[in-house]
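Read off the chains here:
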Amino acid sequence: MRKTKRYIRTIGHGMLAFAWVAMSGCADDWDAHYDGQPRPEQTLWQEISSRPELADFAKLLQSRGYDKYLDSDQRYTVWAPVGHIDTTLVTGEFMTAEEVLTQVVTNHIARGIVPASSVVNDTVLVLNGKPMPFVAVGGVPCFNGSAVSEANIECGNGDLHILKMQAPYNHNVWSYLRQDSEFSAIADYLYSFNHMVFDPDASTPGGVVNGEQVYIDSVFVMGNELWQQIGYLNNESEDYTMLVPVNTEWHRLVDRFKTFYNYADEENLEKAEGYACRNVLDALVFDMGEQAGGTGYWETTSGLLFQNPYGEGGLFSGATPIGCSNGTILKGADIKLDPYGILAREIVIEGEDYDDYLLDGRYNTSDRPTKIAVAGTGVSSNAYMTFTSTSPSRGAEVTFALPDVLSCAYDIGVIFVPTNMTRNGWSSTVVQKKCRVDFELEDGYTRERTSVEDVEIPGTALDTIWVARNHVFEYCDYNPDRESIDDAEISLTITATAKRSESDYTRDLYIDCIVLKPTVNEGSSYEE
């Protein structure tokens, strides 16, 4: 699997401007915007609550605590709809009652003063982070298509525009995940990473106290830990395609991926769930602005490639498209996603990196690998390590940790370098020698040992010796937070066994690398 892309975006632009702000006053002179005329003392909340036709909206504001904000010194523009508030225009099928009411409120309020006119042509960022068109149609200002019946009602802390009806709510990919009850499983997972983040750019600075900046108007916005990694799905300026599994399919996929994280101890079961969820998610999000045309491959925001996903049997096959304000959701009930293609990647342990992997041994070494300066030798990373024997009577022995294996099947091999491979490539002046080795694969979880003895290595070329084929590890050893390699429970011991009398054999080990290749299912849609 490729390295995860990191989606770095400006916080204020990418996050939901869910403005739970401090209620300190601002010192700006707003009167200059109104040709020097003094503004009324009545606040937005006082004006709204005094109008019978806005009674429903006023009740809604009060229920969500926004009466306090609109009664403060902070500047807002409010587009207040008359009559009944229809929450079904926002909710779709799945959203908590509190989220519904908050979305209705924040869909009609923006920070700052936004005047209306017969020629207005603006895009306004409202408090829920959505860009809403404020455009005159036939000389009548319309807020996201809802006509203004009374405009520019000045208040002490902003402007009020009266709408003939409630403004429509435009779902983006992120918000739509909360609208369909069949998406509740993946939505719960994604939304669990939400957190509030202080936005200094949107906040109003005050003085400096004890050397630290103090803000008189502090703005906190909604953030999510995953957005930086999979893409800012709430960013209205982006164009995403997201394959979204329905609940039954999400659970099926996660359960399938969890089989690769079968830990021996129960305390890691929660980790297994988290790893599996993330693995599935890595295959679902595509930034359309990053796709390379003409290749037939689509790349996810996590760096996975899928060939012709809309084709027969492809990743998107059978999915139902749903249009959103910043892209498309593909609702999937039968997603053909091969876990081997996503997470069971090849593990390569370079011999020259022995300091990071060696658990034990009987050897001498110069501590310096042989780095090959010429191309075309086939040596991995153009370097290998020589472990020399410590005694004329016995050969070198090394024990390497094999960390981060998953609970699946692997082919396990060791690649040996001939004795006449030098930094300048093959040398005709150095004697080629054979080697005889024993292998012991040890699983600390199951206490099983797999031994392979007296393996002859010709030594005339790079030799790959397969210690085991289709070897199944019952338990997973994956641990991205591992502090010490000594914690690894899987190891491979390699011993040179040639006798002193066998002069055409070397008792040293010339190791290029150890390779663990997953036994991959045929027909995977994933490409390395």
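Refer to the structure printed above.
Computed from a predicted model, the values in this text were never measured in an experiment.

1. Quick notes on the overall build of the protein chain
Scanning the protein chain for helices and strands turns up 13 helices and 30 strands. Taken along its principal axes, the extent of the C-alpha atoms in the protein chain is 105 × 60 × 45 Å. Looking at the 528 residues of the protein chain, the share that counts as buried comes to 52%. Of the roughly 23,900 Å² of accessible surface on the protein chain, a fraction of 46% belongs to carbon and sulfur atoms. In the protein chain, 39 positive and 78 negative side-chain charges are present, and the distance between their average locations comes to 7 Å.

2. So, helix 8 (residues 184-191)
Across the eight residues that make up helix 8, a large majority, seven, are buried. Taken residue by residue, helix 8 has S184, A185, I186, A187, Y189, L190 and Y191 as its buried positions.

3. Observations regarding the sheet that holds strand 22 (residues 397-401)
Strand order in the open sheet formed by five strands is 19-22-29-26-27, with antiparallel pairing between adjacent strands. With partners counted over all chains shown, the strands left at the sheet margins are strand 19 (358-362) and strand 27 (448-457), one partner each. Ignoring strand direction, the axes of neighbouring strands in this sheet form an average angle of 15°. Summarising the sheet, strand 22 and strand 29 (residues 490-496) pair through five bridges and their orientation is antiparallel. Each bridged residue has a counterpart across the sheet, and for V398 the counterpart in strand 29 is I494.

4. Details of the sheet that holds strand 2 (residues 109-111)
Sheet strands pair via backbone hydrogen bonds, and the direction of the pair is either parallel or antiparallel. Overall, mixed pairing links the seven strands, which are arranged 2-1-7-6-5-4-3 in an open sheet. Each end of this open sheet is capped by a strand with a single partner; those strands are strand 2 and strand 3 (121-125). With direction set aside, neighbouring strand axes in the sheet form an average angle of 30°. For strand 3 and strand 4 (residues 131-137), the ladder comprises five bridges, and the chain directions are antiparallel. By the bridge assignment, V124 is partnered in strand 4 with M132.

5. Topic: a negative patch on the surface
A surface patch of negative charge is lined by D481, E483, D486, D487 and E489. Topologically, E483 is positioned in the loop between strand 28 (463-472) and strand 29.

6. A word on the environment of C277
By the secondary structure assignment, C277 is in helix 11 (residues 269-281). Owing to a relative accessible area of 5%, C277 belongs among the buried residues under this scheme. Once the C-alpha coordinates of C277 and I186 are considered, the two residues, 91 residues apart in sequence, prove to be 8.6 Å apart.

7. Quick word on the pairing of strand 7 (residues 158-163)
Burial analysis of strand 7 places six of its six residues in the buried class, which makes it a mostly covered element. Across six bridges, the pairing between strand 1 (residues 76-81) and strand 7 is parallel. Note on strand 7: the bridge partner recorded for Y76 is G158. Adjacent in sequence and paired antiparallel, strand 6 (residues 146-155) and strand 7 are bridged by two residues.

8. Section: the pattern of salt bridges
One side chain can pair with another of opposite charge once the charged atoms of both are near each other. Within the structure shown, the criterion is met by 21 salt bridges. Between K434 and D504 there is a salt bridge, and its shortest N-O distance comes to 3.5 Å. On the criterion of sequence distance, the pair formed by K434 in the loop between strand 25 (425-426) and strand 26 (435-443) and D504 in the loop between strand 29 and strand 30 (509-518) is long-range, its members being 70 residues apart. Note on D504: relative accessible area 40%, which makes it partly exposed.

Rules used throughout
- Residues numbered from 1 in each chain as written.
- Predicted model: local features only at pLDDT ≥ 70, side-chain atom pairs only at ≥ 80, totals over all residues.
- Heavy atoms only, no water.
- Helix = DSSP H or I, 4+ residues; strand = E, 2+ residues; numbered from the N terminus.
- Buried < 20%, exposed > 50% of the residue type's maximum accessible area, 1.4 Å probe, protein only.
- Areas by Shrake-Rupley, 256 points an atom, 1.4 Å probe, with all protein chains shown as cover.
- Lys, Arg positive; Asp, Glu negative; His and termini not counted.
- Charge placed at Lys NZ, Arg CZ, Asp CG, Glu CD.
- Pairing = 2+ DSSP bridges.
- Axes fitted to C-alpha atoms, helices over the stretch in contact; angles between N-to-C directions.
- Patch = residues over 30% accessible without salt bridge, like charges linked within 9 Å, V, L, I, M, F, W, Y side chains within 5 Å.
- Salt bridge = Lys/Arg side-chain N within 4 Å of Asp/Glu carboxyl O.

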